[in-house]
Amino acid sequence: MSKKILIVLTNHDLFLDGKQKTGLWLGELVHIYDLLKKSGYEIDLMSPIGGPVPLDPSSLKWPLLDNLTKSYYLNEDFQKLLQNTLNPAQINPENYLAICYAGGHGAMWDFPNNEQIAKIAEKIYQNGGIISAVCHGSAGLLNIKIDNQPLVANKKVTGYSWPEEILAGKNKLAPFKLEKELTDRGAIYSKGFIPFSSYTVSDNRLITGQNPLSAKKLAEKILKALSKIG
């Protein structure tokens, strides 16, 4: 099997009010992409419908736009990748060691009910690969099933917490409570003691991060898990 990793990005660009912009939280992608790429893995970027990926405007503002993320944002080649993401029909899950769902609020709309992406993730996992998600990317885990049971059932997971939604002022703009939806499916959900601080959880080949600051640590845990599966 080639050393390939699939990262899933959102195509959705509007909050529940239909006015405020959202999309991919760029730093979550960058910190995962950068570390995995530098570690020798080939990365493919996919979105539910393929093509352009919108960026959450808040992720492009200081101090949330760190130096590494800014360098990627200003890189023309990387921007071309974000404008030309693959769609699920172009993906052969047999080629991937891991799949990672990046966040940004947009993921809450187009990740959960996409059966094609869920099937890709299921196949990667059944082949002994890794499923991972960061922040709102954990919405992509909600309807993945293994042996007709929710992937997250009885598994330790995390994702963007409801207190963080409230503190960020997005609780009335989000379509559902991610924390609640995970626990409703039997997940053993946990979150960091301090909101917006790095917090990650591993449960064998399921690895999740709570928020944007968790992305780099998540990538480190993915690398560690990859070293165990070859």
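Residues numbered from 1 in each chain as written. Predicted model: local features only at pLDDT ≥ 70, side-chain atom pairs only at ≥ 80, totals over all residues. Heavy atoms only, no water.

**Student:** Which residues make up helix H5 (residues 115–126), and what values go with them?
**Tutor:** Its twelve residues place the ends of H5 16 Å apart at the C-alpha level, agreeing with the 16 Å of an ideal helix rising 1.5 Å per residue. Looking only at H5, the buried set comprises Ile 117, Ala 118, Ile 120, Ala 121, Glu 122, Ile 124 and Tyr 125. At its buried positions, H5 is contacted by strand S1 (4–8), strand S2 (42–46), strand S3 (98–101), strand S4 (130–134) and strand S5 (145–146). N-cap assignment for H5: the residue whose side-chain oxygen lies 3.2 Å from the backbone N of Gln 116 is Asn 114. Gly 128 sits one or two positions beyond H5 and adopts a positive phi of about 95°. (Helix = DSSP H or I, 4+ residues; strand = E, 2+ residues; numbered from the N terminus. Expected span 1.5 Å × (residues − 1). Buried < 20%, exposed > 50% of the residue type's maximum accessible area, 1.4 Å probe, protein only. Contact = heavy atoms within 4.5 Å. Polar contact = N/O pair within 3.5 Å; in protein donor to acceptor, adjacent residues only side chain to side chain.)

**Student:** Go over the pairing of S3 with me, naming the residues and quoting the values.
**Tutor:** Here S3 shows a buried face lined by Ala 98 and Cys 100 and a second buried face lined by Ile 99 and Tyr 101. Inspection of the sheet shows S1 paired to S3 by four bridges, in the parallel sense. When the sheet's bridge partners are listed, Val 8 is paired in S3 with Tyr 101. Bridge analysis of S3 against S4 gives four bridges, and the strand direction is parallel. Counted as the bridge partner of Ala 98 is Ile 130 from S4. (Pairing = 2+ DSSP bridges.)

**Student:** How would you explain the pairing of S1 if you had to name every residue and give the values?
**Tutor:** The buried fraction of S1 amounts to five of the five residues, a majority that puts the element mostly inside the structure. Residues Lys 4, Leu 6 and Val 8 line one face of S1 and the alternating positions Ile 5 and Ile 7 line the opposite face, and both faces are buried. Direction of pairing for S1 relative to S2: parallel, over a ladder of five bridges. Note on S2: the bridge partner recorded for Leu 6 is Asp 44. Regarding topology, helix H1 (residues 26–38) serves as the crossover connection from S1 to the parallel S2, and that connection is right-handed. (Right-handed = clockwise from strand over helix to strand, strands pointing away.)

**Student:** Outline the sheet that holds S3, listing residues and values.
**Tutor:** Here six strands make up an open sheet; going across it, the order is S2-S1-S3-S4-S10-S9 and the pairing mixed. The open sheet has two edge strands, S2 and strand S9 (200–203), and neither has a second partner. In this sheet, neighbouring strand axes are inclined to one another by 15° on average, regardless of whether the strands run parallel or antiparallel. Each of S1, S2, S3 and S4 touches H5; the most contacted strand, S3, lies at about 140° to it. (Axes fitted to C-alpha atoms, helices over the stretch in contact; angles between N-to-C directions.)

**Student:** Before we move on, could you go through H1 and cite the residues and values that matter?
**Tutor:** For H1, built from 13 residues, the straight-helix expectation of 18 Å at 1.5 Å per residue is met to within 8% by its first-to-last C-alpha distance of 18 Å. Taken together, the buried positions of H1 are Leu 26, Gly 27, Glu 28, Leu 29, Val 30, His 31, Ile 32, Tyr 33, Asp 34 and Leu 36. Gly 40, located one to two residues past H1, shows a positive phi value of around 100°.

**Student:** How would you sum up the packing of aromatic side chains? Please name residues and give values.
**Tutor:** Counted by the stated rule, this structure contains six aromatic pairs. When the ring of Tyr 33 is compared with that of Phe 78, the centres are 5.2 Å apart and the planes differ by 70°; the resulting orientation is edge-to-face. Of this pair, Tyr 33 sits in helix H1 while Phe 78 sits in helix H3 (residues 76–83); the two residues are 45 residues apart in sequence, bridging distant segments of the chain. Residue classification places Phe 78 among the buried positions, given a relative accessible area of 3%. Aromatic side chains Tyr 101 and Phe 111 sit 5.6 Å apart centroid to centroid with 65° between the ring planes, which places their arrangement in the edge-to-face category. Of this pair, Tyr 101 sits in strand S3 while Phe 111 is found in the loop between helix H4 (107–110) and H5, placing the two residues ten residues apart along the sequence. Given the relative accessible area of 2%, Phe 111 is considered buried. In this structure an aromatic cluster arises from ring pairing among Tyr 33, Tyr 72 and Phe 78. Sitting above the plane of the Tyr 41 ring, Lys 3 keeps its charged end 4.5 Å from the centroid. Over the ring of Tyr 125 we find Arg 205, and its NZ or CZ is 4.1 Å from the ring centre. (Phe/Tyr/Trp six-rings, centres within 6.5 Å; stacked < 30°, edge-to-face > 60°. Lys NZ or Arg CZ within 6 Å of the ring centre and 35° of its normal.)

Shape is all these values report; function is a separate question.
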